[in-house]
Amino acid sequence: MYGKGIIKGLSVTLKRFVDTYLDDVVWWGRRYFKPEGIAHRSSKNTRGIFTVQYPEEKLPVPEEFRYVPFLVYDEREDGSKEIRCTSCGICAKVCPPQCIWIVRTNDPKTGHPVPEPAEFFIDADICMNCGFCAEFCPFDSIIMDHDYEIASYRRNVFNLEHLLKPASYYKNIRPINYQRNEHERQAKLAAKAAKAAAESQTLA
Amino acid sequence: MATLDRTDVLDLAALAPGGVTADTRPNYEGWIVDKARLIEVATAVRDQHGFDLLSSVTGVDYFPESMEVVYHAYRTIGGPGLVFKVQMPRQDPMEIPSVTRVWPGAELQEREIWDLFGIRFTGHPDLRRILTWEGFEGHPLRKDWREAFYEDDYKPLKSRWPEGHYVSAEEKSPYKDNLQFPPNFDPEKAVFDGEASLYGALAKYTTVDSGIKTDHVVLNLGPQHPSTHGVFRAAVVLDGETIVSLKPVMGYLHRNHEKIGERNTFLQNMPYTDRLDYFNSMSNNWGYSLAVEKLMGVQPPERAEYLRVIMAELSRIQNHLILIGMLLNDLGAYFTPALYAFEERELILDIFEAASGSRMMCNYHRFGGVARDLPDGVLEKIRGLVEERLPRKADEFERLLSENEILVSRMQGVKVIEGDNAIRYSMTGPVLRAAGVPYDVRRAQPYGIYDRFEFDVALRQHGDLYDSYLIRLDEIRQSLRILQQAVKQMPEGPIIAGKPQYQVRVPAGEAYGRIEAPKGELGYYVVSTGRQNPWRYHVRAPSFINITPLEKMCVGQKIADFVAILGVIDIVLGELDR
Amino acid sequence: MTQSELNSPGYEIPEDLQYAVSITTLDRLYNWGRRSSVWPMMFGLACCAIEMIAAQAARYDLARFGMEVMRPSPRQSDLMLVAGTVTKKMVPNIVRLYNQMPEPKYVVAMGACASGGGPFKEGYNVVAGVDKFLPIDVYIPGCPPTPQALIAGLIKLQQKIDRQSIRRVRWYQKGADTVEIPVPVLGPDLMDPRRFAEIKRLAAQNSAAQSDAPAEPAGKA
């Protein structure tokens, strides 16, 4: 019969159409605007309406998600910011399109470099979100952000002020990475403190 | 004719004594052929020794002594390839005979070498610039040619740290922009004739006296056109609706991948390879890692190899699904099959996002393994997709489309290309296999752990549009077979050999790493001089080379068939133009 | 746009008339109509185009915003979503297409490459951001911006449209309806006709400087 193939195809479309109603009935009340509904619509059992209605329903991003980077600071007791970045420059060297500019200053008294960046610029209009800066930072101080709602009416060159975000935010978006890295970081700091204590002992 | 044994090692020097010497540079392979004997050697290599597929022709600038043209040839029955080079002293004019009379597939690649290096090919049918435009000043890939935003020969750049005061590149350049002009240039007086050579290259149409006075139409399809899959342009001469002559124009997305690649370090090139064939970043990364790992001599651990196979095959499935969707878009079924394909693709992209951090630009491979292990729950997701959902969906696509009368009448019988022509024009990938030639790099020269999996090479006989569509469904099913085995067999263990490091020093030498990308054979030719940055970095792009016989495929067909043929060859502009 | 957004503030409408009566200004009504049916032009250049198509597809349905009609023809579209790297060879075509679009028209630079050259900024064939030629309304960074980021950017465009006013828009003023941008020419390098005089002056300046400075060696480091 001529037209059998078309009818076969249309039956597939009809089945999908019916599925949109069936799935709504099976998941009545839980399908839209609820996290379990969103999870169902992103699973292997999804059928029917596949749409995740941004901006009312936001599809959660996985932990490894990479967007523009940000710098981490720890909050001291007096409320001031302790920037983790020591301006070692590894992120600037490893960045493929070279979109990170860092100014490192020297302490006028000792002549050693100050472990804090004087200026730090990232040109987000060049950044390719590759994640190398975060992957190779030895101090866990530059992390890839999850925030993708950064459209603006102007060009996007971010300075140090704009890039700083607290460590609590880092813990929030990347809990597994934070746990693993925090462990290593605390061990390193403890070793450094022990060495400093031993040196001051021998001096005294 | 010599026996076509897959493993015999060819002694090219014995073939043409006096004209061929072995390449004895450390870590280099192959032969150096005399310029005058090139055509003779090439013909002998093709006819007597069965090297019928010329995979890649590329140029290398060994500043300041010489320039070189490197040829990679393979046999379609499989096995290792043959590398031979022609050297010439580095002074203009540089001319060498064109091998298009032996392997017509070299046509576009030789045009690219003329455009980017300035080496002329005598005997080439149509030697014009291809990636830049007629009138462009200079030959960009030469080592002494500097672009407007030039800062240094190698990255990392010193201006970023420790005195990294932010200065935008525009402020540093003499024209305050990414421009450079010859000295004392006056734009108002200059006259440019860029398109004349293109229209001159189109065949002249001879009026056939059939009683009615007719005329021919020159039509430009693209670069902005809904069906050219990106910014690709074809200038066609039409007689009514029939195509009489066709010339592809490309370079509208030429992003200087190779020039930037020479400035990057080896590791920094990895995210750039994502952006070549932007649908399949997992495959692109793998080809590049293969080439560099050959030079470095590292072998990834077991788990990393399995992860690579899983990601590459998932990538192949989503590529073929999109292709079917977009092909049907071009044929007029807007937009239903594409929406169904995108739904499955989104589920696969969720896996890529969870594993690597990004949906499309995965940047997942490193030299010696992969960057990150699978987070918890992702392997279950892959299993669910691969064992339950995707096989069902492949069948659903078959039911939806394969017997559709409109599809069959539009696609069956419209010949794309014959098998032996496809080989002569260096086509690879599904289009070659749809024409009856069972050449698949995963079987011809297995890389990674593909020799452990049981799968068939998808093959169809007729070489028309319908077979080219059906073979994609076949390949999806074979990929699912591989995935089901890989997911069962994957062991625990480390995911990278050695410690991850950002200062990767690669020993000097050359390597050609090739994989079966979803679009064809994707090859990377890397030359290193022992430092952190490559000396030469070339991408053998399947889309670029599959376009070579486009004129031959389309002449005599209707303009509506041109759209379908272009859709089925599966081009993506990121790798076509690089 | 909800009822509360359409209504002008300060007017109390009784409960039972909420869905039948609305007191609004002409500006709000006009902008509401325009921002709810922005038709993008099918203009994907590179990788960002795939995320644009994915935003169009089932999961992130742009049809919910009225943008489902993707017209290939510039004469029928309102929004040029420059998605992908803008190369010098392609710029004359982009400018011609922009000139062919009727007012009101908007341009959104999607992705790092269209906003500022992106990772390919140093290339010899790449234009460092399409705002060198076209006026851009919204910049969306990312490489590529996920479909959710793209929709966030388009919502920002809708907010910009909401702030426009009939009294001040260009196409209702006296004079030319649209501003035509002269099409650039491909010579030894890309030439913008608006900068011909400047190029001539700088070329003369630079060749004088080059003939003074000693020749520098180039190549292997």
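As shown above, the structure is provided for reference.
A short tour of the structure in this document, coming up. (Residues numbered from 1 in each chain as written. Chains lettered and ligands numbered in written order. Predicted model: local features only at pLDDT ≥ 70, side-chain atom pairs only at ≥ 80, totals over all residues. Heavy atoms only, no water.)

## Topic: the overall build of chain A
Next, step 1: A count of helices and strands for chain A gives 7 helices and 7 strands.
Next, step 2: Going from the N terminus to the C terminus, chain A shows its helices and strands as α-α-β-β-α-β-β-α-β-β-α-β-α-α.
Next, step 3: Computed over the C-alpha atoms, the radius of gyration of chain A is 25 Å, more than 25% above the 17 Å expected from 2.2 N^0.38 for a compact globule of 204 residues.
Next, step 4: The C-alpha extent of chain A, read off along each of the three principal axes, is 95 × 35 × 30 Å. (Helix = DSSP H or I, 4+ residues; strand = E, 2+ residues; numbered from the N terminus. Rg over C-alpha atoms; globule rule 2.2 N^0.38 Å.)

## Section: the interface of chain C and chain A
Next, step 1: Each partner contributes to the interface: chain C provides 37 residues, whereas chain A provides 29 residues.
Next, step 2: Here chain C meets chain A over a buried area of about 2600 Å², counting both sides, of which 57% is carbon and sulfur.
Next, step 3: Summed over the shared surface of chain C and chain A, the result is 1 salt bridge.
Next, step 4: Residue Arg155(A) is joined to Asp131(C) by a salt bridge in which the shortest nitrogen-to-oxygen separation is 2.7 Å.
Next, step 5: Along the contact surface separating chain C from chain A lie 13 residue pairs in polar contact (both at pLDDT 80 or more).
Next, step 6: Mapped onto the side of chain C that touches chain A, the elements with two or more residues apiece are α5 (111–116), β4 (138–140) and α6 (147–162) of chain C.
Next, step 7: Residue contributions to the side of chain C that touches chain A peak at 9 residues, all from α6(C). (Contact = heavy atoms within 4.5 Å. Buried area = accessible area lost by both parts, 1.4 Å probe. Salt bridge = Lys/Arg side-chain N within 4 Å of Asp/Glu carboxyl O. Polar contact = N/O pair within 3.5 Å; in protein donor to acceptor, adjacent residues only side chain to side chain.)

## Describing the interface of chain C and chain B
Next, step 1: Contacts between the two partners involve 61 residues from chain C and, on the opposite side, 70 residues from chain B.
Next, step 2: Where chain C touches chain B, the interface holds 8 salt bridges.
Next, step 3: Here Glu122(C) makes a salt bridge to Arg263(B), at a shortest N to O gap of 3.3 Å.
Next, step 4: Where chain C packs against chain B, one counts 25 residue pairs in polar contact (both at pLDDT 80 or more).
Next, step 5: At the level of elements, α3 (47–56), α4 (91–100), β5 (185–186), β6 (190–191) and α7 (196–212) of chain C are the ones that each hand at least two residues to the side of chain C that touches chain B.
Next, step 6: Looking at the side of chain C that touches chain B, the element that brings in the most residues is α7(C), giving 9 residues.
Next, step 7: Looking at the side of chain C that touches chain B residue by residue, the class counts come to 37 nonpolar, 11 polar and 13 charged. (Nonpolar A, V, L, I, M, F, W, Y, C, P; charged D, E, K, R; others polar.)

## Side note on helix α3 (residues 107–117) of chain B
Residues and elements named next belong to chain B.
Next, step 1: Counting buried residues along α3, 11 of its 11 residues qualify, which places the element largely inside the surrounding structure.
Next, step 2: Turning to α3, its buried residues number three or more, namely Glu107, Leu108, Gln109, Glu110, Arg111, Glu112, Ile113, Trp114, Asp115, Leu116 and Phe117.
Next, step 3: The positive-phi residue at the C-terminal boundary of α3 is glycine 118, with phi of around 90°. (Buried < 20%, exposed > 50% of the residue type's maximum accessible area, 1.4 Å probe, protein only.)

## Quick look at the nonpolar core
Next, step 1: Counting 241 residues, the largest nonpolar core has Tyr71(B), Ile119(B), Tyr469(B), Phe562(B), Met80(C) and Leu134(C) as the members making the most contacts within it.
Next, step 2: When near neighbours in sequence (up to four residues on either side) are disregarded, Tyr71(B) contacts Leu38(B), Leu54(B), Ser56(B), Val57(B), Leu82(B), Val83(B), Phe84(B), Val86(B), Ile96(B), Pro97(B), Val99(B) and Phe121(B).
Next, step 3: Judged by nonpolar contacts, the second largest core, of 63 residues, contains Tyr67(A), Trp101(A), Ile142(A) and Tyr106(C). (Core = buried A, V, L, I, M, F, W, Y, C linked by side-chain atoms within 4.5 Å.)

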